[in-house]
Amino acid sequence: MSFPEQKLSQVTRSMGVSFIREMLRATKGIEGMISLAGGLPSPDSFPKKQLAALFKEVVEKEGTDVLQYGASEGDDILKEQILRVEKEGAVSKEEILITDGSTNGIYFFARALINPGDVVICEGPSFNGTLVAIEACGAELDALPMDEEGLRVDLVRETIVSRQNAGHTVKFIYTIPEFQNPSGRTMSLARRRELIRVARELGVFILEDQPYRDLRFMGGRIDSLWNIARAEYGDDETVTICKSFSKILGPGLRLGFAVGPAGLIAAMAKWAQKVIVSPEGVVQRVVARFLERNMLEPHIERITGMYREKREIMISSLKDTMPPSIRWTEPEGGLFVWLTCPESFDTDALFHEAAKAGVAYIPGSKFYPSAVARKNEIRLNFSYAKPADLREGVARLAKILKR
Ligand SMILES: Cc1ncc(COP(=O)(O)O)c(C=O)c1O
């Protein structure tokens, strides 16, 4: 018997199902299907041997401590290691919250700040997981366009001013400045400075989502918004950063952390208390020991080398096979390439044709808030498929787009 839908809370009913999950499910396990759809890291990137040894050691030697209920704010030993290895500058433990992946940190941030009817500014396109969480908290999303330098900050200013003049509260700006999901774009240093200036001037927070920051294959590292705000303005309030071990060590660990103003971190920890009690004790300590033994840097070097090659294969396959009307981004890191087709294309509809031809992708429309309808874009992932499949998958897609 199916559960009566009308008995569910309004917010649950309004959430619907994740189209991306549905699409991934619809194309999973089909013989010969090449998936360029999900955002999965390569299984070859997981440091399985090192983690297996550490799990055994941690449970045997530290089990009395880590199998017990832990602090909602996270394990102090892990925080110390994060403080030691993080390149985002020195902070205190009170400014760090350990989370179950960054999804959790983003949700607690949104929960701690949003009142129903508040406005949140985001990039268009953006990571749909965050967009649905923000909408579920009752905020309205203004998705603003990007160009090659990232979010159009001139439009951010314009939008905030006009929203504020209309009596709305613009609570925060959500940005993924490095190798953005889904577009692969990186925000320039000039734009970062400008965004901080605008946010400070207009009294709006920034949520800086950085799951891909350490996956840089080429080009120079750019200061995080978080760093710029601290270094250039002594401002430790405007920016909160969420990071994740998902794309570095493995999403199955469900481990990430947020760094932000101590008062806001404490407010987010209140939600953590209610929703998760505490992050996983064993996982936190395993990762703490991984960092302590300096295993992270060589590991990141290995996986960025692997992803650099895969990125080259995808870009060269696109150059070899795509019709001239299709454009794409060439990211310096991360996991995704973004294709823009002529306006007349409907990549939602083409998804089914592509699936029949044995290749899966995510239609661009899935990365905009529910009110926006853009149908001529495609996200491709290059981290998961094997090199030969990347070439073949792009060739199959090119055939469909040429028709
Ligand atoms: C931009 C962005 N933020 C957050 C997440 C969530 O990552 P996790 O919860 O696994 O740390 C993802 C995952 O794909 C992402 O792409």
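Residue numbering note: each chain is counted from 1, following its sequence as written. Local features in this predicted model are restricted to residues of pLDDT 70 or higher, and side-chain atom pairs are both shown and tallied only at a pLDDT of 80 or more, whereas totals for entire chains, interfaces and linings draw on every residue. For side-chain calculations, the full set of non-hydrogen atoms in the structure is used, while hydrogens and water are omitted.

J.: Can you help me understand empty space enclosed by the protein in this one?
T.: Rolling a probe over the atoms, with the probe sized like a water molecule, indicates the empty space that remains. A pocket, in this scheme, is an open set of points on a 1 Å grid over the protein atoms alone with protein on both sides within 12 Å along at least 5 of 7 lines, while a cavity is a set where a 1.4 Å probe fits but cannot get out; residues line either one if an atom lies within 4 Å of a point. Grid points are joined across faces, edges and corners, and a volume is the space filled by probe spheres set on the points. Counting across every chain of the model gives two cavities of 30 Å³ or more. Taken as a whole, the second largest cavity spans an internal volume of roughly 30 Å³. Lining the second largest cavity, in full, are Thr103, Ile106, Phe127, Gly129, Thr130 and Ala133. Strands here are runs of E lasting at least two residues and helices are runs of H or I lasting at least four, both read from the DSSP assignment and numbered beginning at the N terminus. Mapped onto the lining of the second largest cavity, the elements with two or more residues apiece are α5 (101-113) and α6 (128-136). Here the lining of the second largest cavity takes three residues from α6, the largest share from any one element.

J.: Help me understand the site of the ligand, please; the structure alone is not making it clear to me.
T.: Throughout, near means a residue has at least one heavy atom within 4 Å of the molecule or strand. Around the ligand, 14 residues are found, and the nearest of them are Thr103, Asp209, Tyr212, Ser244 and Ser246. A 3.5 Å cut-off defines polar contacts: any pair of N or O atoms within that distance qualifies, except that in protein one atom must be a possible hydrogen donor and the other a possible acceptor, and neighbouring residues in sequence count only when both atoms are side-chain atoms. Within the contact set of the ligand, an oxygen atom lies 2.6 Å away from a side-chain nitrogen or oxygen of Thr103. Take Tyr212: an N or O atom from its side chain is 2.5 Å from an oxygen atom of the ligand. Among the elements that make up the shell around the ligand, the one with the highest residue count is α5 (four residues). Residue classes follow a fixed rule: Ala, Val, Leu, Ile, Met, Phe, Trp, Tyr, Cys and Pro count as nonpolar, while Asp, Glu, Lys and Arg count as charged, and any other residue, Gly among them, counts as polar. Among the residues making up the shell around the ligand, the classes are represented as five nonpolar, six polar and three charged.

J.: Mind showing me how you'd approach the pattern of salt bridges here?
T.: Opposite charge on two side chains makes pairing possible when the charged atoms of those side chains draw close. Should a side-chain nitrogen of Lys or Arg be within 4 Å of a carboxyl oxygen of Asp or Glu, the pair is scored as a salt bridge. For the structure on display, the rule yields 34 salt bridges. A salt bridge links Arg216 to Glu332; the nearest nitrogen and oxygen atoms lie 2.7 Å apart. Separated by 116 residues along the polypeptide, Arg216 in the loop between β7 (205-209) and α9 (225-233) and Glu332 in the loop between β10 (327-328) and β11 (336-340) bring together distant segments of the chain. Burial here depends on accessible area, computed with a 1.4 Å probe over protein chains only, as a share of the maximum for the residue type. Under 20% is buried, over 50% is exposed, and the range in between is partly exposed. Take Arg216: its relative accessible area is 14%, and that puts it in the buried class. Here Glu332 falls in the partly exposed class, since its relative accessible area comes to 32%.

J.: Would you mind showing me how to read the packing of aromatic side chains here?
T.: Two measures describe an aromatic ring pair: the distance that separates the ring centres and the angle between the ring planes. Ring pairs shown here join Phe, Tyr and Trp side chains whose ring centres sit within 6.5 Å, with only the six-membered ring taken for Trp; geometry is labelled stacked below 30 degrees between planes, edge-to-face above 60, and tilted in between. One pass over the structure, following the stated rule, counts seven aromatic pairs. Taking 6.2 Å as the distance between ring centres and 70° as the angle between the ring planes, the aromatic pair formed by Phe217 and Phe382 counts as edge-to-face. Pair noted here: Phe217 is in the loop between β7 and α9 and Phe382 is in the loop between β14 (377-381) and α14 (387-402), with a separation of 165 residues, a long-range link. Judged by relative accessible area, Phe217 falls into the buried class, the value being 5%. Under the relative-accessibility criterion, Phe382 is labelled buried at 0%. Judged by centre distance (5.8 Å) and plane angle (80°), the rings of Phe351 and Tyr361 are edge-to-face. With Phe351 in helix α13 (residues 347-356) and Tyr361 in the loop between β12 (359-360) and β13 (362-363), this residue pair connects regions lying ten residues apart in the sequence. The same class applies to Phe351 and to Tyr361, which are both buried.

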